[in-house]
Amino acid sequence: MPDRSRVRSSHVLVLRRKDVADADRVLTVLTPGEGKLELLAKGVRKTTSRKSGHLEPYTHAHVMVAQARTWDIITEATTVEAFRHLRDNLDAIGCAAYLCELLDCFSEDGDENRLLWDLALFALRTLDDEAQAANLAAQIAGAGDAGGELPPSNLLRWFDLQLLSVAGFQPQLFNCLGCDADLEPVLNFFSLAEGGVFCPRCGPLRNDVEPIDPDTLKVLRYLQSQPWQTVQRLQLRPSLARTADTLRLRYLCHVLERHVRSAHFLRRLDHVRRAHPAA
């Protein structure tokens, strides 16, 4: 039995997992008080394990953790929120993978960030609610148990801008990075490297900028500054949504210095749906 003085409890959100040894897993989790951690779940891959169902990806669990030499060990686990509706919906599970990949990238090992924890749970709860509504609509329409298509959602767009703010990479979208003047609703210039926008006077003097039209800038500012309860009602024409999404994702990739793998899955899913629309 582990020394009681070396055992602690914590809430965790399982971001990803890796199989090790014959029946163990190393879990990358987000916590409210210790930031991101890697914890060992011994024997969790055995069919007799009582912990396995509580430690699936995208699960909010309460765990007991014993201090150990390499990885701290999860000794007990109980599900707090399973987000079960999103697990029956391909769109939703892809979105959950996207959310958790970014949380993994932007969270620091052992660094408390309660705002990040609250944002993570809020996004997954909202996504689960959207999946529940889509699944119910599919059943009413006679699609059986298949997960329904999620309605157009601004959740990922809003989440990205909030995450960048919480993590300290908020792009400057309201004032010129060169002269600090208020940005006007005209053609301005966005810089991935500098993380923000230059006005028409300062932008042409730089070689690391690209034009950003007034509508795209307006959308990004709205997503950054407004609460979800307001943003969820936002309706975008497809061309504007694609332009804003492309710029947003390029900025994320620039900050991370890597591609977001789950974003490619969501893009492929969208391409397949547009190529083969439901009859």
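Above this text sits the structure in question.
Residues numbered from 1 in each chain as written. Predicted model: local features only at pLDDT ≥ 70, side-chain atom pairs only at ≥ 80, totals over all residues. Heavy atoms only, no water.

Student: Provide a residue-level description of the pairing of strand β1 (residues 7-20), including the pertinent values.
Tutor: Bridge count for β1 against strand β4 (residues 60-66) is seven bridges, and the pairing is antiparallel. Bridge pairing in β4 links Val12 to Ala61. Two strands pair when backbone bridges link them, and β1 and strand β2 (residues 24-31) are joined in this way by seven bridges, in the antiparallel orientation. In the sheet register, Leu13 faces β2, and the bridge partner there is Leu30. If you look at the hairpin formed by β1 and β2, you'll find three residues sitting between the two strands, and Ala21 has a positive phi there, around 55 degrees. (Pairing = 2+ DSSP bridges. Helix = DSSP H or I, 4+ residues; strand = E, 2+ residues; numbered from the N terminus.)

Student: I'd love a proper account of unusual backbone geometry, names of residues and values included.
Tutor: Residue Tyr58 is not a glycine yet carries a positive backbone phi of 65 degrees. Within the fold, Tyr58 resides in the loop between β3 (35-41) and β4. Take Tyr58: its relative accessible area is 15%, and that puts it in the buried class. The phi torsion at Glu257 lies on the positive side, around 60 degrees, for a residue other than glycine. (Buried < 20%, exposed > 50% of the residue type's maximum accessible area, 1.4 Å probe, protein only.)

Student: I'd like to hear about the pairing of strand β6 (residues 188-191), residue by residue, with values.
Tutor: What you see with β6 is no split at all: Asn188 and Phe190 on one side and Phe189 and Ser191 on the other are buried throughout. Pairing between β6 and strand β8 (residues 210-212): three bridges, direction antiparallel. Bridging across to β8, Phe190 finds its partner in Glu210. When β6 meets strand β7 (residues 196-198), the two strands line up antiparallel, connected through three bridges. From the neighbouring strand, Phe189 faces β7, where its bridge partner is Phe198. Counting the residues in the hairpin turn of β6 and β7 gives four residues, including Gly195, whose phi is positive at 70 degrees.

Student: Before we move on, could you go through the packing of helix α1 (residues 90-106) against helix α6 (residues 238-256) and cite the residues and values that matter?
Tutor: How two helices pack is summed up by the angle between their axes together with the distance between the axes. Relative to each other, α1 and α6 sit at 35 degrees, their axes nearing to 11 Å. The way α1 lies across α6 gives a crossing that is left-handed. Seen from α1, the contacting residues are Tyr98, Leu102, Cys105 and Phe106; seen from α6, they are Arg248, Leu249, Leu252, Val255 and Leu256. (Axes fitted to C-alpha atoms, helices over the stretch in contact; angles between N-to-C directions. Left-handed = near helix turned anticlockwise from the far one by under 90°. Contact = heavy atoms within 4.5 Å.)

Student: Go over the environment of Leu217, please, and point to the residues and values.
Tutor: Relative to the elements of secondary structure, Leu217 occurs in helix α4 (residues 214-225). Overall, Leu217 belongs to the buried group, its relative accessible area being 3%. Spatially, the C-alpha atoms of Leu217 and Phe190 are 9.2 Å apart, while their sequence positions differ by 27 residues.

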